[in-house]
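# Geometric and topological summary
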Amino acid sequence: MSESQAGKDDGGATLRGAEAMSVGQVAERGGVSVSALHFYERQGLIFSTRTAGNQRRYTRSVLRRVAVIRAAQRAGIPLSLVSTVFAELPRDGVPTQADWQRLSEHWQVELDARISALQKLRGSLGGCIGCGCLSLAECGFVNPGDLHSRKGPGARAFDGIKRDGTEQAR
């Protein structure tokens, strides 16, 4: 089967030759690596069909999904949330404006929480860097008496921010 011929996906839909794109073409057009596309496919974020020679073929609409994935990653949205939202979109074809509106509403809370956490981080780091101690473990400003170590390993100074951006009671 030639590259311009189409494969069938597990739903039985046929890709016409003009619509079928190779993994290399999608990678080039989408600005991602071939391995990233393979990863996105394993995660269920994008879908391909296979030719008789077992080569992947994608519909052109996958470029839109790849663009959304890249935008989400730049905004710090985890792929698990992208996957949850994509589950509501049509698998094949181009999502409608209403589909994209629902997607953006899902991410609004996530983005607001991230903005709040980053603002808290920015405000706290300025004071910490200004004191000159350079040690968050012993810092009397951000972590007096190393209280955060009792919460477990890793960065704990900014825990407690709920998804809606407000701080949880401690």
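Quick note: structure is the one above.
Calculation criteria
Residues numbered from 1 in each chain as written. Predicted model: local features only at pLDDT ≥ 70, side-chain atom pairs only at ≥ 80, totals over all residues. Heavy atoms only, no water. Helix = DSSP H or I, 4+ residues; strand = E, 2+ residues; numbered from the N terminus. Buried < 20%, exposed > 50% of the residue type's maximum accessible area, 1.4 Å probe, protein only. Contact = heavy atoms within 4.5 Å. Areas by Shrake-Rupley, 256 points an atom, 1.4 Å probe, with all protein chains shown as cover. Salt bridge = Lys/Arg side-chain N within 4 Å of Asp/Glu carboxyl O. Pairing = 2+ DSSP bridges.

### A short note on the overall build of the chain
A tally of helices and strands in the chain yields five helices and three strands. Counting from the amino terminus, the chain carries its helices and strands in the arrangement β-α-α-β-β-α-α-α. Across the 170 residues in the chain, those meeting the buried criterion constitute 34%. Summarising the internal contacts of the chain: among those between residues at least 6 apart in sequence, 54% fall at separations of at least 24. Of the accessible surface of the chain, which amounts to about 10,200 Å², a share of 53% is contributed by carbon and sulfur atoms.

### A closer look at the pattern of salt bridges
Counted by the stated rule, this structure contains four salt bridges. Where arginine 102 meets glutamate 88, a salt bridge forms, and the shortest distance between an N and an O atom there is 3.8 Å. On the criterion of sequence distance, the pair formed by arginine 102 in helix 5 (residues 97–131) and glutamate 88 in the loop between helix 4 (79–86) and helix 5 is long-range, its members being 14 residues apart. What you see here is one network of salt bridges that share partners, running through Glu88, Asp99 and Arg102.

### Let's talk about the environment of valine 94
Take valine 94: it is sitting in the loop between helix 4 and helix 5. Taking C-alpha positions, valine 94 is 9.8 Å from threonine 59, a pair spaced 35 residues apart along the chain. Residue contacts for valine 94: discarding those within four places in its chain leaves Ser61 and Arg64.

### Structural notes on the sheet that holds strand 2 (residues 49–50)
Here we have three strands laid out as an open sheet, ordered 1-3-2, and antiparallel in their pairing. In this open sheet, the two strands that pair with only one neighbour each are strand 1 (21–22) and strand 2. Pairing geometry for strand 2 and strand 3 (residues 56–58), over two bridges, is antiparallel. Its bridge partner lying in strand 3, arginine 50 is registered against arginine 56.

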